[in-house]
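# Residue-level structure breakdown
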There are 2 protein chains.
Amino acid sequence: MMDAKKVTALLRKKGFKVTPQRLAIYNVLCNTKAHPNAEMIFNKLQPYYPTMSLATIYKTIDILKEINLIQIINVGEDSLRYDAVVKSHSHIRCTVCNKVEDIMDFDFTPAIKDVAQRTSYDLSGQQFYFYGVCPECQAKANRKIG
Amino acid sequence: MMDAKKVTALLRKKGFKVTPQRLAIYNVLCNTKAHPNAEMIFNKLQPYYPTMSLATIYKTIDILKEINLIQIINVGEDSLRYDAVVKSHSHIRCTVCNKVEDIMDFDFTPAIKDVAQRTSYDLSGQQFYFYGVCPECQAKANRKIG
DNA sequence: TTATGTGCAAAGCCTTTGCAATAAG
DNA sequence: CTTATTGCAAAGGCTTTGCACATAA
């Protein structure tokens, strides 16, 4: 999933050192669709990097964000989540199990055009978040009522 | 702007007491388009309620949210903002001056239909946030560049 | 009268910062 | 060898909580 050589080259090019911790953190983000927050990344790496601290995760995330390898997701929880998929896409959170899923191939264009025209803002980005109950949690609920 | 009788009745109906602080906080939210955060509300009321604490503002906001008199806006800042306009609408934040404006009459329907169909989620809500530079800040920037 | 609300101070939670020891280049 | 990074602990910022006093009903 993660192209280590590419990441290494990019970090060096931008003047950052390449450390096992940085590669590991980025690797976690590349190999999950769970949109983990800092603590989830921490827990995932704990067995392999038992001395790694949350501070390192936050500092690394700053860098990965700066060189555009990850994006930050704010779904209205207490903590932020991170996504190695940088392409603009929206997210949906299940209000029961709290999982966050991607919604790929959602066409922002009409909305952006409409808003740009109506507000005269020079638009630079947007975040669309949807909330609801995922199919799995719907099924569980039905079973209980059943 | 604020219908005091309506708010009073609603609070009582839901089992909450009606206090000057609660009415004042809701009144501030009804009389601004600035989407203030807790501290902004606090500062606004400071001259009139010099002993009011931030804790009271947060507690009141919980209640106003619970009885659906306000909505919470999370535009990716450190603090949350609050809006007495409960009708679903999207927001745009200027990345220069940080003001948050409403985008009314934005039609969510096509997006919601698309997402509902594609994800099989039972949708309950959505938040659309746009980011860019407002016309005023664009003008200022142009003046500087000259 | 009595249950709820206010306001202060303290605590909580996520995130950031300072700094000495460590590792990358 | 030099400079950036790690990891610990402490601090910061927003929000919540506990509790004694005050107030609404």
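The residue numbering used here restarts from 1 in each chain and proceeds along that chain's sequence as written. Numbering of ligands from 1 and lettering of chains from A proceed in the order in which they are written. Confidence filtering applies because this is a predicted model: local features only for residues at pLDDT of at least 70, side-chain atom pairs given and counted only at 80 or more, and all residues used for totals across whole chains, interfaces and linings. The side-chain figures draw on all heavy atoms in the structure; neither hydrogens nor water molecules are used.

Here a helix means four or more residues in a row that DSSP labels H or I, a strand means two or more in a row labelled E, and each is numbered from the N terminus. Its place among the elements puts Ser90(B) in strand S3 (residues 90-94). Contact between two residues is taken to exist if any of their heavy atoms lie within 4.5 Å; hydrogens are not considered. The residues touching Ser90(B), leaving out its near neighbours within four places in the chain, are Glu101(B), Asp102(B), Ile103(B), Phe106(B), Phe108(B), Phe128(B) and Phe130(B).

We now examine the protein's contact with DNA strand D. Neighbouring DNA strand D are 20 residues, the closest being Lys17(A), Thr19(A), Arg22(A), Lys59(A) and Tyr58(B). The sugar-phosphate backbone supplies 76% of the atoms of DNA strand D found within 4 Å of the protein. By the criterion applied in these results, polar contacts are pairs of N or O atoms within 3.5 Å in which, for protein atoms, one can donate a hydrogen and the other can accept it, and in which residues neighboring in sequence qualify only through two side-chain atoms. The side chain of Arg22(A) places a nitrogen or oxygen atom 2.5 Å from a phosphate oxygen of DNA strand D. Separating a base oxygen of DNA strand D from a side-chain N or O atom of Lys59(B) is a distance of 3.2 Å. The nearness test applies per residue and asks whether one of its heavy atoms lies within 4 Å of the molecule or strand.

A few words now on the sheet that holds strand S5 (residues 122-133) of chain B. Across a sheet, strands are paired by hydrogen bonds formed along the backbone, either parallel or antiparallel in direction. Paired strands are those between which DSSP finds at least two bridges. Reading across the sheet, the six strands line up as S4(A)-S3(A)-S5(A)-S5(B)-S3(B)-S4(B) and stay open at both edges, with mixed pairing between neighbours. At either margin of the open sheet sits one strand with a lone partner, and together these are strand S4 (100-103) of chain A together with strand S4 (100-103) of chain B. Strand-to-strand twist across the sheet, computed as the mean angle between neighbouring axes with direction ignored, equals 25 degrees. In terms of strand pairing, strand S3 (residues 90-94) of chain A meets strand S5 (residues 122-133) of chain A through four bridges, oriented parallel. Bridge pairing in S5(A) places Ile92(A) opposite Phe130(A). All axes here are fitted lines through C-alpha atoms, helices being fitted over the stretch that makes contact, and every angle between N-to-C directions spans 0 to 180 degrees.

Further remarks concern the interface of chain A and chain B. Listed by partner, the interface residues are 35 residues for chain A and 35 residues for chain B. Accessible-area loss on putting two parts together, using a 1.4 Å probe and summing over both, is the definition of buried area adopted here. It is Tyr121(A), Phe130(A) and Tyr131(A) that lose the most area in chain A upon contact with chain B, and together they represent 24% of the buried surface on that side. Salt bridges are identified by distance alone: a Lys or Arg side-chain nitrogen within 4 Å of an Asp or Glu carboxyl oxygen. Summed over the shared surface of chain A and chain B, the result is zero salt bridges. Applying the counting rule to chain A against chain B returns 15 residue pairs in polar contact (both at pLDDT 80 or more). Among the elements of the structure, S3, S4, helix H5 (109-119), S5 and helix H6 (135-145) of chain A are those that each provide at least two residues to the side of chain A that touches chain B.

Residues and elements named next belong to chain A. For chain A, the domain assignment lists domain 1 (1-86) and domain 2 (87-146). Residue ranges for the domains originate in an automatic or database domain assignment. For domain 1 versus domain 2, the separation of C-alpha centres amounts to 23 Å. Taken over both partners, the interface formed by domain 1 and domain 2 buries close to 1000 Å², and the fraction arising from carbon and sulfur atoms is 47%. Seen at the junction of domain 1 and domain 2, the total is zero salt bridges. The interface formed by domain 1 and domain 2 contains eleven residue pairs in polar contact (both at pLDDT 80 or more). Looking at the side of domain 1 that touches domain 2, the elements with two or more residues in it are strand S1 (71-73) and strand S2 (81-83). The leading source of residues in the side of domain 1 that touches domain 2 is S1, at three residues. Counted by class, the side of domain 1 that touches domain 2 contains six nonpolar, four polar and four charged residues. Throughout, the ten residues Ala, Val, Leu, Ile, Met, Phe, Trp, Tyr, Cys and Pro are labelled nonpolar, Asp, Glu, Lys and Arg are labelled charged, and all others, Gly among them, are labelled polar.

A word on the UniProt feature "binding site: Zn(2+)" (unreviewed entry) in chain A. All names here are of chain A. UniProt positions are given in the numbering used here, feature names are shortened, and annotations may be inferred rather than shown by experiment. Under the local residue numbering, the UniProt record ascribes the feature "binding site: Zn(2+)" (unreviewed entry) to Cys 94, Cys 97, Cys 134 and Cys 137. The named residues occupy 44 residues along the chain; their greatest pairwise C-alpha distance, 8.2 Å, places them in one compact cluster. On the secondary structure map, Cys 134 appears in the loop between S5 and H6. Burial classes: relative accessible area under 20% of the type maximum marks a residue as buried, over 50% as exposed, and values in between as partly exposed (1.4 Å probe, protein chains only). In this structure Cys 134 comes out as buried when scored by relative accessible area, which is 0%. Inspection of the secondary structure assignment puts Cys 137 in helix H6. Overall, Cys 137 belongs to the buried group, its relative accessible area being 8%. Ignoring sequence-local partners within four residues, the contact set of Cys 137 consists of Cys 94, Val 96 and Cys 97.

Any two rings among Phe, Tyr and Trp, with Trp reduced to its six-membered ring, count as a pair given centres within 6.5 Å; such a pair is stacked if its planes are under 30 degrees apart, edge-to-face if over 60, and tilted if neither. Tallied over the entire structure, the rule returns eleven aromatic pairs over all chains. Where Phe128(A) meets Phe128(B), the ring centres are 3.7 Å apart and the plane angle is 10 degrees; that geometry is what we call stacked. Here the residue Phe128(A) occupies a position in strand S5, and Phe128(B) occupies one in strand S5, the pair thus bridging two chains. The pair formed by Phe128(A) and Phe128(B) is uniform in burial state, with each residue classed as buried. Each ring, one from Phe106(B) and one from Phe108(B), has its centre 5.4 Å from the other, and the planes form 65 degrees; the classification is edge-to-face.

This next bit is on the state of the cysteines. Residue and element names in this part refer to chain A. A pair of sulfur atoms, both from cysteines and within 2.5 Å, is called a disulfide here. Within this structure, the stated rule accounts for zero disulfides over all chains. Cys 94 forms no disulfide, and the closest cysteine sulfur to it belongs to Cys 97, at a distance of 3.7 Å. Among the residues examined, Cys 94 registers a relative accessible area of 0% and is labelled buried.

This part takes up the packing of helix H2 (residues 20-30) of chain A against helix H3 (residues 38-45) of chain A. Think of two packed helices as two axes; the pair is described by the angle between the axes and how far apart they sit. Residues and elements named next belong to chain A. Their axes nearest at 10 Å, the elements H2 and H3 cross at an angle of 110 degrees. By the angle between their directions, the pair H2 and H3 is classed as roughly perpendicular. Here Ala 24, Ile 25, Val 28 and Leu 29 of H2 come into contact with H3, specifically with Ile 41, Lys 44 and Leu 45. Taken together, the residues of the contact of H2 with H3 sort by class into six nonpolar, no polar and one charged. Orientation labels follow simple angle bins: below 35 degrees gives roughly parallel, above 145 gives roughly antiparallel, 65 to 115 gives roughly perpendicular, and whatever is left gives oblique.

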